[in-house]
Amino acid sequence: AQSVTQPDIHITVSEGASLELRCNYSYGATPYLFWYVQSPGQGLQLLLKYFSGDTLVQGIKGFEAEFKRSQSSFNLRKPSVHWSDAAEYFCAVGGNRDDKIIFGKGTRLHILP
Amino acid sequence: DAGVIQSPRHEVTEMGQEVTLRCKPISGHNSLFWYRQTMMRGLELLIYFNNNVPIDDSGMPEDRFSAKMPNASFSTLKIQPSEPRDSAVYFCASSLGPLRYFGPGTRLTVL
């Protein structure tokens, strides 16, 4: 069965600190992987995506993610967070012929000044 | 590009009333999705359309929910009658391929 697990419901980091948000997936074929961000009162915005090729992908706002097939993971990272990064982050998985994309439950990121 | 447009942004209604949520997808996109987001259940796919045809409505919770897409530029999600447990944020998204583009959502409160 296809699934996405984001094990951390909440994460708190200090401004300027590094960040890693975890995502594990279960998918029967080569996955398409996504990270979305949702600011309060807003819709989901695409941060980055992995379809194929280089397993380290760069996204907007200084985020990157690394696809590790052996670990079924697609963790999101940022070297130095800003207060404006406080939001909820969703990992998602789908396939190239699959109109259904499965979203994780989300990780809410809090930033300490 | 105006993005996905949803209306209304906020809706407060009383139990038993009919609620209609509206969505205008991005021009040229051929798939449209309705999602519901709650604290308890996260983001749930309710139904999706491809080329205006409903493909999968297995996520629609009950017969009280219905969705239509009369043309490529408009879709509605209707709840009749509404119940307090329907209170949630409802998102519409459109796509041309695997990338979803989300609207700002409609926050529905059923009293």
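Refer to the preceding data block for the structure.
Structure report, in brief. (Residues numbered from 1 in each chain as written. Chains lettered and ligands numbered in written order. Predicted model: local features only at pLDDT ≥ 70, side-chain atom pairs only at ≥ 80, totals over all residues. Heavy atoms only, no water.)

## Side note on the overall build of chain B
Within chain B, the secondary structure is distributed over 0 helices and 11 strands. Secondary structure of chain B in N-to-C order comes out as β-β-β-β-β-β-β-β-β-β-β. For 111 residues, the compact-globule estimate of 2.2 N^0.38 gives 13 Å, and the C-alpha radius of gyration of chain B, at 13 Å, lies within 12% of that figure. Based on the C-alpha atoms only, the size of chain B along its principal axes is roughly 35 × 25 × 25 Å. In chain B, which comprises 111 residues, the proportion classed as buried is 48%. For chain B, restricting intrachain contacts to residue pairs at least 6 apart in sequence, the fraction spanning at least 24 positions comes to 53%. As displayed, chain B has an accessible area near 5400 Å², and 51% of this comes from carbon and sulfur atoms. (Helix = DSSP H or I, 4+ residues; strand = E, 2+ residues; numbered from the N terminus. Rg over C-alpha atoms; globule rule 2.2 N^0.38 Å. Buried < 20%, exposed > 50% of the residue type's maximum accessible area, 1.4 Å probe, protein only. Contact = heavy atoms within 4.5 Å. Areas by Shrake-Rupley, 256 points an atom, 1.4 Å probe, with all protein chains shown as cover.)

## Regarding the state of the cysteines
Per the stated rule, a full pass over the model turns up 2 disulfides over all chains. Each disulfide pairs two cysteine sulfurs, and for Cys23 of chain A the partner residue is Cys91 of chain A, the sulfurs being separated by 1.9 Å. Measuring handedness by torsion sign, the sulfur bridge of Cys23 of chain A and Cys91 of chain A sits at about -65° and is left-handed. Here Cys91 of chain A lies in strand E10 (residues 87-94) and Cys23 of chain A lies in the loop between strand E3 (19-21) and strand E4 (24-26), a separation of 68 residues in the sequence. Exposure class is identical for Cys23 of chain A and Cys91 of chain A. Each is buried. Between Cys23 of chain B and Cys92 of chain B runs a disulfide, and the two sulfur atoms are separated by 1.9 Å. Measuring the twist about the S-S bond at about -65°, one finds the Cys23 of chain B-Cys92 of chain B disulfide to be left-handed. Here Cys92 of chain B lies in strand E9 (residues 88-95) and Cys23 of chain B lies in strand E3 (residues 19-24), a separation of 69 residues in the sequence. Classification of Cys23 of chain B by relative accessible area gives buried; the value is 1%. (Disulfide = S-S within 2.5 Å.)

## So, the interface of chain A and chain B
The partner chain B presents 19 residues to the 17 residues of chain A that form the contact. Here chain A and chain B share an interface that buries about 1500 Å² over both sides, 56% of which is from carbon and sulfur atoms. On the surface where chain A and chain B come into contact, there are 0 salt bridges. Linking chain A to chain B there are 4 residue pairs in polar contact (both at pLDDT 80 or more). Looking at the side of chain A that touches chain B, the elements that each hand over two or more residues are strand E5 (32-38) and strand E6 (44-50) of chain A. At 4 residues, E5 of chain A tops the list of elements feeding residues into the side of chain A that touches chain B. (Buried area = accessible area lost by both parts, 1.4 Å probe. Salt bridge = Lys/Arg side-chain N within 4 Å of Asp/Glu carboxyl O. Polar contact = N/O pair within 3.5 Å; in protein donor to acceptor, adjacent residues only side chain to side chain.)

## Points about the sheet that holds strand E7 (residues 65-71) of chain B
All names here are of chain B. The strand order E1-E3-E8-E7 describes an open sheet built from 4 strands, whose pairing is antiparallel. The sheet is open, and its two borders are formed by strand E1 (5-7) and E7, each paired with just one other strand. For this sheet, the mean angle separating the axes of adjacent strands, direction not counted, is 15°. Relative to strand E8 (residues 74-79), E7 runs antiparallel, the two being bridged by 5 bridges. Among the inter-strand pairings, Asn71 is bridged to a residue of E8, identified as Phe74. (Pairing = 2+ DSSP bridges. Axes fitted to C-alpha atoms, helices over the stretch in contact; angles between N-to-C directions.)

## Here we look at unusual backbone geometry
In this structure, the amide linkage connecting Ser7 of chain B to the following residue, Pro8 of chain B, adopts the cis form with an omega of -10°. Take Pro8 of chain B: it is sitting in the loop between E1 and strand E2 (10-13). Of note, the bond from Gln80 of chain B into Pro81 of chain B is cis; its omega dihedral lies within 30 degrees of zero at -5°. Its identity is not glycine, yet Ser72 of chain A carries a phi of approximately 50°, on the positive side. Relative to the assigned elements, Ser72 of chain A resides in the loop between strand E8 (64-68) and strand E9 (73-78). Owing to a relative accessible area of 27%, Ser72 of chain A belongs among the partly exposed residues under this scheme. Notably, Asn52 of chain B is not glycine yet its phi reads approximately 75°, a positive angle. Along the polypeptide, Asn52 of chain B turns up in the loop between strand E5 (42-50) and strand E6 (53-56).

That is the geometry; function is a separate question.
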